[in-house]
Amino acid sequence: MFANIFNLSFERFTIYFLPAYLLWTFVSQTTSWSTACLLGYAPLIRKVYMPKEIFILATVLSGLVNLLISLIPLVIIMLAVHHPIRATVAFLPIPIALAVVFTLGVSFLLAAVCIEFNDVVQIYQVVLVAWMYLTPIVYPLEAIPERFRWIIFANPMYYLVESFRAPIYAGTLPQGRAVAWSALWGVLALVGGWWVFERRADRIAYVV
């Protein structure tokens, strides 16, 4: 469908799509869980004093485990369609680590905000839909007119997806620019999310 709409041809579209979608699912699913994370652990938070960050870390680690497990069927599909698995896949821990850092930062931010503003939970679900389609998961960057590409370049997920997909689909290392921007967005998200979370940490037990 997308090949006809954008007048593009894909070689092994399944392998183009799946790595990007798996990484997107990790980020979107984990950050969605974080919106209700503290509320879910509310009875424990009220009774036992412990660092609130543990609950966010546990949520992100749970999502990471799901991502790593999902790589198994991806490998099986690659073998089934005879897509070569090249040595560049050894680079995958780097984009995965950067995605974890970015996801952790966004999770800290959302968890801190959603305990006081519950409407953010529903709003974020709508944002995720738009965010997904603004990320080149089912279409390549070349499908976007030149004058609109700045929107894609302003999207942190674009760099994370490209860094993760290149070693799998193209069998090449990702561009240094993509990795650098992934790292920058990850650090900004983690620092900003942590700062907001820490400012609200003392009030969490009273709010939940």
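Quick caveat, the model's predicted, so the values are computed rather than measured.

A. Structural context of the overall build of the chain. Looking only at helices and strands, the chain features 10 helices and zero strands. Shown N-terminal to C-terminal, the secondary structure of the chain runs as helices and strands in the order α-α-α-α-α-α-α-α-α-α. Long-range contacts, defined as pairs at least 24 residues apart, comprise 77% of the intrachain contacts of the chain with a sequence gap of at least 6. About 10,900 Å² of surface is accessible on the chain, with carbon and sulfur atoms providing 69% of the total.

B. Main features of the packing of helix α6 (residues 93-114) against helix α9 (residues 156-170). Taken N-terminus to C-terminus, the directions of α6 and α9 make an angle of 155°; their axes are 9 Å apart at the nearest point. Relative to α9, the element α6 is oriented roughly antiparallel. For the element pair α6 and α9, the recorded crossing hand is left-handed. Facing α6, whose interface residues are P95, I96, L98, A99 and F102, α9 presents P156, M157, L160, S163 and F164.

C. Molecular detail of unusual backbone geometry. Positive phi is not limited to glycine here, since H82 has a value of about 60°. Take H82: it is sitting in the loop between α5 (53-80) and α6. When its relative accessible area of 65% is taken as the criterion, H82 is described as exposed.

D. Spotlight on the pattern of salt bridges. Evaluated as defined, the whole model comprises two salt bridges. In this structure, R149 and E146 form a salt bridge, with 3.4 Å as the shortest nitrogen-oxygen distance. E146 sits in the exposed class, given a relative accessible area of 61%. Linking R165 and E162 is a salt bridge whose minimum nitrogen-to-oxygen distance equals 2.7 Å.

E. Here's a closer look at the environment of T30. Note on placement: T30 falls in helix α2 (residues 13-35). Overall, T30 belongs to the buried group, its relative accessible area being 0%. Non-local contacts of T30, meaning those with residues more than four positions away in its chain, are made with T25, T59, V60, G63, T103 and S107.

F. Quick look at the nonpolar core. Ranked by internal contacts, the top residues of the largest apolar core, which has 51 residues, are I96, F102 and M157. Where this core is concerned, the elements lending two or more residues are α2, α5, α6, α7 (119-133), α9 and α10 (176-207). It is α6 that contributes the most residues to this core, 11 residues altogether. If we skip the residues at most four places from it in the chain, I96 touches L64, L67, L68, L71 and F164.

G. Geometry of the side chain of T35. Topologically, T35 is positioned in helix α2. A distance of 2.5 Å separates the side chain of T35 from the backbone oxygen of S32, its partner in a polar contact. Leave out the neighbours within four places in its chain, and T35 touches L110, C114, V121 and Y124.

H. Fine view of the packing of aromatic side chains. Under the definition given, this model contains 11 aromatic pairs. With a centroid separation of 5.0 Å and an interplanar angle of 70°, the aromatic rings of Y158 and Y159 are classed as edge-to-face. The rings of F13, Y16, F17, Y21 and Y169 are connected pair by pair, giving a single aromatic cluster. Its guanidinium or amino end placed over the ring of Y16, R165 lies 3.9 Å from that ring's centre, counting from NZ or CZ. Note that R177 overlies the ring of F153, its terminal NZ or CZ placed 5.5 Å from the centroid.

Calculation notes
Residues numbered from 1 in each chain as written. Predicted model: local features only at pLDDT ≥ 70, side-chain atom pairs only at ≥ 80, totals over all residues. Heavy atoms only, no water. Helix = DSSP H or I, 4+ residues; strand = E, 2+ residues; numbered from the N terminus. Contact = heavy atoms within 4.5 Å. Areas by Shrake-Rupley, 256 points an atom, 1.4 Å probe, with all protein chains shown as cover. Axes fitted to C-alpha atoms, helices over the stretch in contact; angles between N-to-C directions. Parallel < 35°, antiparallel > 145°, perpendicular 65-115°, else oblique. Left-handed = near helix turned anticlockwise from the far one by under 90°. Buried < 20%, exposed > 50% of the residue type's maximum accessible area, 1.4 Å probe, protein only. Salt bridge = Lys/Arg side-chain N within 4 Å of Asp/Glu carboxyl O. Core = buried A, V, L, I, M, F, W, Y, C linked by side-chain atoms within 4.5 Å. Polar contact = N/O pair within 3.5 Å; in protein donor to acceptor, adjacent residues only side chain to side chain. Phe/Tyr/Trp six-rings, centres within 6.5 Å; stacked < 30°, edge-to-face > 60°. Lys NZ or Arg CZ within 6 Å of the ring centre and 35° of its normal.

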